[in-house]
Amino acid sequence: MMDPTLAEMGNHLSDAMKILESGKFGQDVVSILQLVQNLMHGDDDQQGQRMQYVGEYALLGHSLAAYISVLERERLRKLTTRILSDTTLWLCRLFRYENGSAYYHEDDREGLVKVCRLVINTHYEDYATEGFTMLSSKHPVIYQSAACRPGLGQHLCSQLALPLSCLCIVPCNTMFGSLHQMDVALLDKLIRDDRESGKVPLLLIANAGTPGAGHTDKLSRLKELCVQYNMWLHVEGVNLATLALGQVSSAVTAATKCDSMTLTPGPWLGLPAVPAVTLYRHEDPALSLAAGLTSSQPVEKLRALPLWLSLQYLGHDGILQRIKHASQLVSTLPTSFWMPTLMHCLGEQLAQQVPLSGVDVVELEDEGTCVRFSPLMTAAALGTQENDVAALVEKLGEMIPVLSCTLRYRQDFKDEVLQQASLSYIEDLSWPGLGGVRYEPRATDLDEDKRQHSVEKINNDLLKKLMELDTDLYFSGGPEFCEEKNCIFIGMATEDLDVAELVETIVSIGREIEESGKLFENMTEVVRRGIQEAELQLQKANEEKLMEEGVLRQIPLVGPVLNWFSPVQASVKGRTFNLAEGIDVLKGIKCHKVAHSTTCCFGKLASIYRMFL
């Protein structure tokens with residue numbers, strides 16, 4: 001059989017050759033666009049309609065950018081300057097960032113990289129000519145919270161050609177305040193220690209909405225520290241979107257005093273293919289140009305065009321409505337549900353059953369696995385409405401009691417299993433249910449291979465029997481990558497579950513399967529002995545026939561003639577095979593099951609026996 005991947009590659013190659021051959025003389029635009037649509041969406045018409053609805057103005061922006069870029073140079077300069085200045089003015093007013101400049105970029109980390117270059121050029125006057133040699137005597141230090149998005153600091157060092165020793169991770173609070181806010185007192189100590197050792201504190205990266213839990217650092221206090229030690233404060237995070245609203249928390253409002261901030265209007269407003277924006281304040285345009293935050297090339301300024309069109313398409317009220325709607329969705333979701341385990345299963349189920357809610361699963365350092373609901377990042381793109389949040393709350397109301405019962409009964413289930421000599425408890429923390437068991441045969445006279453075969457057969461039959469029961473419980477062979485074999489895993493439990501009765505049922509069914517297997521083995525042994533005895537009787541009968549009839553009667557041609565002249569009067573001897581010899585081993589089994597099993601075995605064994613007679 002051909003490998004599926006190779007087959008798919010072959011199909012793609014065949015399609016590509018057909019396209020190439022059909023396009024020897026070029027194709028019209030409609031055909032090309034239809035081809036792109038088919039490659040993007042296939043047969044999913046609804047997906048194509050959604051993309052068309054959401055992305056018309058973004059697509060228009062990129063198309064216009066390509067058209068505008070071929071204009072006459074002076075006209076291009078005037079147009080791009082207007083687009084850039086308008087977009088920057090709107091964003092600064094919308095997000096309360098007075099007297100700011102803007103840098104538009106595709107990678108949402110690129111603005112921070114440019115800001116770092118600006119700060120390095122500001123602190124090291126000869127950096128543009130001397131390069132890294134200026135940094136070797138006084139190492140720069142970039143500080144970031146431990147709650148920042150993973151890999152951000154490493155990316156900065158890589159892009160700036162700085163060693164990782166220039167990066168300082170500031171822990172979050174461990175005793176006072178939120179576990180996701182930067183420890184300001186510890187940061188102060190770290191800065192003082194670095195200054196005393198001859199290092200240069202450059203920049204601090206703070207959060208207005210941590211990636212995992214959405215917490216905001218104490219930005220006012222951090223700004224005071226940055227002013228005290230002549231450092232640059234950069235802020236990023238989803239909560240910056242709320243700066244556009246009329247009522248904003250004081251913790252987020254403090255972000256308007258920072259030296260730079262990175263905005264991501266694409267996910268906030270549901271705008272595909274629009275750039276991220278870094279707003280910053282700096283008085284020296286030459287240093288901004290050297291850092292790459294501004295450009296003299298008009299084409300570079302066209303990055304703002306899709307956002308310029310999108311902001312006009314939505315209008316001020318439309319922008320506020322989308323951000324306000326997402327904020328209201330958060331307030332309608334109860335926060336009383338939280339649990340320390342089984343969150344991964346809960347998050348997956350919620351994402352499948354309420355896909356428009358945009359929930360996902362995140363791993364936090366202190367809390368572990370959590371379910372995240374962040375409508376500021378997902379609601380605009382998914383079209384999340386209040387009824388979707390209501391459905392999410394309803395599903396939570398249904399699933400939380402089940403999770404609570406499962407957690408409560410897990411230890412009870414383990415205790416009950418450990419009390420049974422014929423069961424082994426299987427511990428698997430990745431299984432979102434009561435736990436796992438294995439039925440262990442009581443026979444001790446079997447070698448290891450036969451025992452393993454017996455364990456496998458009994459547990460496979462036991463799993464089939466349990467799955468046939470009229471119950472809401474879910475039975476499975478276990479997780480896909482479970483190290484334990486021949487196991488039975490029980491799913492989530494409800495309040496009315498009797499754990500002791502469940503375990504007793506498993507033991508009872510397992511015992512019946514084991515005893516039925518012993519019955520078959522014993523009957524097989526009876527057949528084997530009967531066959532051996534029959535073979536001996538046949539051999540003895542042949543020898544007696546030879547002695548009675550003589551050798552001549554056994555010779556072909558001679559025997560028939562001799563028998564015609566002198567017929568032999570041979571006696572007919574019958575042979576019997578008593579299948580009832582193995583019945584004594586069935587004592588202790590219920591009578592109706594014995595009769596049923598014996599009847600079945602008799603029919604099979606009699607057929608086998610007739611083959612040898």
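Each chain has its residues counted from 1, following the order in which its sequence is written. A pLDDT threshold of at least 70 governs which residues receive local features in this predicted model, and a stricter bar of 80 or more applies before side-chain atom pairs are shown or counted, although totals over entire chains, interfaces and linings include all residues. To get the side-chain values, take all heavy atoms of the structure and skip hydrogens and water.

For the protein chain, an unreviewed UniProt entry supplies the name Pyridoxal-dependent decarboxylase domain-containing protein 1 and the organism Cyprinus carpio. UniProt positions are given in the numbering used here, feature names are shortened, and annotations may be inferred rather than shown by experiment. Regarding the protein chain, the UniProt comment filed under Cofactor (unreviewed entry) reads as follows: "pyridoxal 5'-phosphate".

> Which residues make up the pairing of strand S7 (residues 276-280), and what values do they have?
Buried means the residue's accessible area, taken with a 1.4 Å probe over protein chains only, is under 20% of the maximum for its type, while exposed means over 50%, and partly exposed covers the values in between. Only DSSP runs of H or I with at least four residues qualify as helices, and only runs of E with at least two residues qualify as strands; both kinds are numbered from the N terminus onward. Summarising burial for S7: five of the five residues are buried, a large majority. Of the two faces of S7, the one holding Ala276, Thr278 and Tyr280 and the one holding Val277 and Leu279 are both buried throughout. Only strands that DSSP links by at least two bridges are regarded as paired with each other. Inspection of the sheet shows strand S1 (residues 101-105) paired to S7 by five bridges, in the antiparallel sense. When the bridges of S7 are listed, tyrosine 104 appears paired with valine 277. In this structure, strand S6 (residues 260-263) lies alongside S7, joined through four bridges in antiparallel fashion. Across the sheet, methionine 261 pairs through a bridge with leucine 279, a residue of S7.

> Break down the side chain of threonine 384 for me, with residues and values.
Among the structural elements, threonine 384 can be located in the loop between helix H17 (375-382) and helix H18 (386-418). Polar contact is the term for a pair of N or O atoms within 3.5 Å; when the atoms are in protein, one must be able to donate a hydrogen and the other to accept it, and sequence-neighboring residues count only if both atoms are side-chain atoms. Within the structure, the side chain of threonine 384 is placed 2.5 Å from the backbone oxygen of leucine 356, a separation counted as a polar contact.

> Tell me about the sheet that holds strand S12 (residues 475-476), and please be specific about residues and values.
What the four strands build is an open sheet, ordered S10-S11-S13-S12; its pairing is antiparallel. Only two strands of the sheet have a single partner each, and these edge strands are strand S10 (423-426) and S12. Pairing of strand S11 (residues 435-439) with strand S13 (residues 488-490) involves three bridges; the strand directions are antiparallel. Pairing of glycine 435 across the sheet is with isoleucine 490, part of S13. In this analysis, two residues are considered to be in contact whenever any of their non-hydrogen atoms come within 4.5 Å of each other. As a rule, the C-alpha atoms of each element are fitted with a line to give its axis, helices using only the stretch in contact, and angles between N-to-C directions run from 0 to 180 degrees. H18 contacts S10, S11 and S13 of the sheet and is inclined by roughly 150° relative to S10. Together, S11, S12 and S13 form the strand contacts of helix H19 (residues 448-467), whose direction differs from that of S11 by roughly 125°.

> Account for the pattern of salt bridges, with residues named and values stated.
Every case where a carboxyl oxygen of Asp or Glu lies within 4 Å of a side-chain nitrogen of Lys or Arg is listed as a salt bridge. The final tally for this structure, using the stated rule, is 17 salt bridges. Between arginine 77 and glutamate 74 there is a salt bridge whose closest N-O contact spans 2.4 Å. One end of the pair, arginine 77, and the other, glutamate 74, are both in helix H4 (residues 73-94), three residues apart, so they sit about a helical turn from each other. Judged by relative accessible area, arginine 77 falls into the partly exposed class, the value being 39%. Salt-bridge contacts for glutamate 440 lead to arginine 438; the nearest nitrogen and oxygen are separated by 3.5 Å. The pair glutamate 440 / arginine 438 is uniform in exposure class, with both members buried. Salt bridges sharing partners connect three or more residues here, namely Asp108, Arg149 and Glu236.

> Residue-level account of the environment of valine 235, with values.
In this structure, valine 235 sits in strand S5 (residues 232-236). A relative accessible area of 0% places valine 235 in the buried class. Along the sequence, valine 235 and aspartate 217 sit 18 residues apart, while their C-alpha atoms lie 9.4 Å from each other. Here valine 235 is in contact with Ala206, Asn207, Ala208, Leu219, Leu240, Ala255, Cys258, Ser260, Met261 and Thr262, once residues within four sequence places are set aside.

> Could you give me a rundown of the packing of aromatic side chains, with the residues and numbers involved?
Ring pairs shown here join Phe, Tyr and Trp side chains whose ring centres sit within 6.5 Å, with only the six-membered ring taken for Trp; geometry is labelled stacked below 30 degrees between planes, edge-to-face above 60, and tilted in between. What the rule picks out here adds up to four aromatic pairs. On the numbers, 6.4 Å between centres and 15° between planes, the contact of tryptophan 431 with tyrosine 474 is stacked. With tryptophan 431 in the loop between S10 and S11 and tyrosine 474 in the loop between H19 and S12, the pair connects residues that are 43 residues apart, well separated along the chain. Note on tryptophan 431: relative accessible area 10%, which makes it buried. Ring geometry for tryptophan 431 against phenylalanine 489: centres 5.3 Å apart, planes inclined by 55°, an arrangement best described as tilted. Separated by 58 residues along the polypeptide, tryptophan 431 in the loop between S10 and S11 and phenylalanine 489 in strand S13 bring together distant segments of the chain.

> Summarise the side chain of threonine 87; cite the residues concerned and give the values.
Considering the arrangement of structural elements, one finds threonine 87 in helix H4. By relative accessible area, threonine 87 is classed as buried at 0%. At 2.7 Å, the side chain of threonine 87 forms a polar contact with the backbone oxygen of isoleucine 83. Those residues in contact with threonine 87 that lie beyond four places of it in its chain are Tyr104, Ala304, Leu307, Trp308 and Leu311.

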